Amino acid sequence: MLDQLLYNDIKRRANIRVEPSSFVDSPVDEPFLIFPSRNANIKPICLPVSEINDDLTGKSAIVSGRGATEKGYKSPILLKVSVPVLPLSVCLKVYQQFAPITDQQICAGGYNGRDSCGGDSGGPMKYVGLVDGSPRYIQYGIVSFGPRQCGADGQPGIYTRIGSYIQWILDNMEE
């Protein structure tokens, strides 16, 4: 019943077509959807549709959200932070006993005071790339999960790699 209510709400609010089975068959991460909004902080962003190599390892990406801050409370304003993208092997080692880590994810953060946190899940991980020769933000990831203590040295977060789902997104977008 709840799944049907959620499905109907998404279908009503979203500009994409959603099949109910897509809520069940997600291989690792929760399914994600993009909703239209009238919030001034939300603007269109490019997706990594034609990216041959979406590996940002060694670069710093920007993550934004209204999640918990160093004071332990959710932020009333939208915040952003630059996080280093790490080799997936780092997160494989950190999370080996807690969660499966696959190449459908991005490993980032793990530096004191610079991280996404509870309440940021679903938010964007973006990086400036060239689109038709012009610099544009491209959303490479979605905040997924991380350590209980956010922003701790050696404890990176996990982000869903959008490139792994780009065909699903394109197949389910409505014209």
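Everything numeric here is computed off the predicted structure, so don't read it as measured data. (Residues numbered from 1 in each chain as written. Predicted model: local features only at pLDDT ≥ 70, side-chain atom pairs only at ≥ 80, totals over all residues. Heavy atoms only, no water.)

Draft legend 1. Quick look at the sheet that holds strand β3 (residues 105-109). Strand order in the closed barrel formed by 6 strands is β1-β2-β3-β6-β5-β4, with antiparallel pairing between adjacent strands. The sheet shows a mean angle of 45° between the axes of neighbouring strands, taken without regard to direction. Relative to strand β4 (residues 124-131), strand β1 (residues 60-65) runs antiparallel, the two being bridged by 2 bridges. Among the inter-strand pairings, Val63 is bridged to a residue of β4, identified as Met125. (Pairing = 2+ DSSP bridges. Helix = DSSP H or I, 4+ residues; strand = E, 2+ residues; numbered from the N terminus. Axes fitted to C-alpha atoms, helices over the stretch in contact; angles between N-to-C directions.)

Draft legend 2. Summary view of a nonpolar patch on the surface. Residues Ile45, Val128 and Tyr137 make up a contiguous nonpolar surface patch of roughly 220 Å² in combined accessible area. The residue Ile45 is located in the loop between α1 (2-13) and β1 in this model. (Patch = residues over 30% accessible without salt bridge, like charges linked within 9 Å, V, L, I, M, F, W, Y side chains within 5 Å. Areas by Shrake-Rupley, 256 points an atom, 1.4 Å probe, with all protein chains shown as cover. Salt bridge = Lys/Arg side-chain N within 4 Å of Asp/Glu carboxyl O.)

Draft legend 3. Spatial organisation of the confidence of the model for the protein chain. In this model, the protein chain carries an average pLDDT of 79, and 75% of its residues clear a pLDDT of 70 or more. The low-confidence segment residues 1-33, where pLDDT is below 50, has 50 contacts with residues more than four positions distant or belonging to other chains. (pLDDT = per-residue confidence, 0-100. Contact = heavy atoms within 4.5 Å.)

Draft legend 4. Here's a closer look at the pairing of β1. Burial analysis of β1 places 5 of its 6 residues in the buried class, the great majority of the element. One ladder, built from 6 bridges, connects β1 with strand β2 (residues 79-86); its direction is antiparallel. Across the sheet, Gly65 pairs through a bridge with Leu79, a residue of β2. (Buried < 20%, exposed > 50% of the residue type's maximum accessible area, 1.4 Å probe, protein only.)

Draft legend 5. Spatial organisation of the state of the cysteines. Enumeration according to the criterion identifies 2 disulfides in this entry. Cys91 shares a disulfide with Cys107; S-S distance 2.0 Å. Residues Cys91 and Cys107 share a disulfide whose torsion about the S-S bond is about 75°; that sign makes it right-handed. Remark: Cys107 occurs in strand β3 and Cys91 occurs in helix α2 (residues 88-95); sequence separation between them is 16 residues. With respect to burial, Cys91 and Cys107 carry one shared label: buried. (Disulfide = S-S within 2.5 Å.)

Draft legend 6. Quick peek at the nonpolar core. Residues Leu56, Ala61, Val63, Val83, Val85, Ile106, Ala108, Met125, Ile138, Tyr140, Val143 and Tyr159 constitute the largest nonpolar core, which totals 12 residues. Contributing elements (two or more residues each) for this core: β1, β2, β3 and β5 (134-145). At 3 residues, the largest contribution of residues to this core is made by β5. Apart from residues lying up to four places away in sequence, Val143 is in contact with Val63, Ser116, Asp120, Ser121, Gly122, Gly123, Ile158 and Tyr159. (Core = buried A, V, L, I, M, F, W, Y, C linked by side-chain atoms within 4.5 Å.)

Draft legend 7. How the structure looks around the side chain of Gln139. Note on placement: Gln139 falls in strand β5. Judged by relative accessible area, which is 11%, Gln139 ranks as buried. A polar contact of 3.1 Å, which involves the side chain of Gln139, links it to the backbone oxygen of Gly141. Apart from residues no more than four positions distant in its own chain, Gln139 is found in contact with Ile45, Cys46, Leu47, Pro48, Pro124, Met125, Lys126 and Ile162. (Polar contact = N/O pair within 3.5 Å; in protein donor to acceptor, adjacent residues only side chain to side chain.)

Draft legend 8. Layout of the environment of Thr102. Locating Thr102 in the fold gives a position in the loop between α2 and β3. Separated by 58 residues in sequence, Thr102 and Thr160 place their C-alpha atoms 9.7 Å apart.

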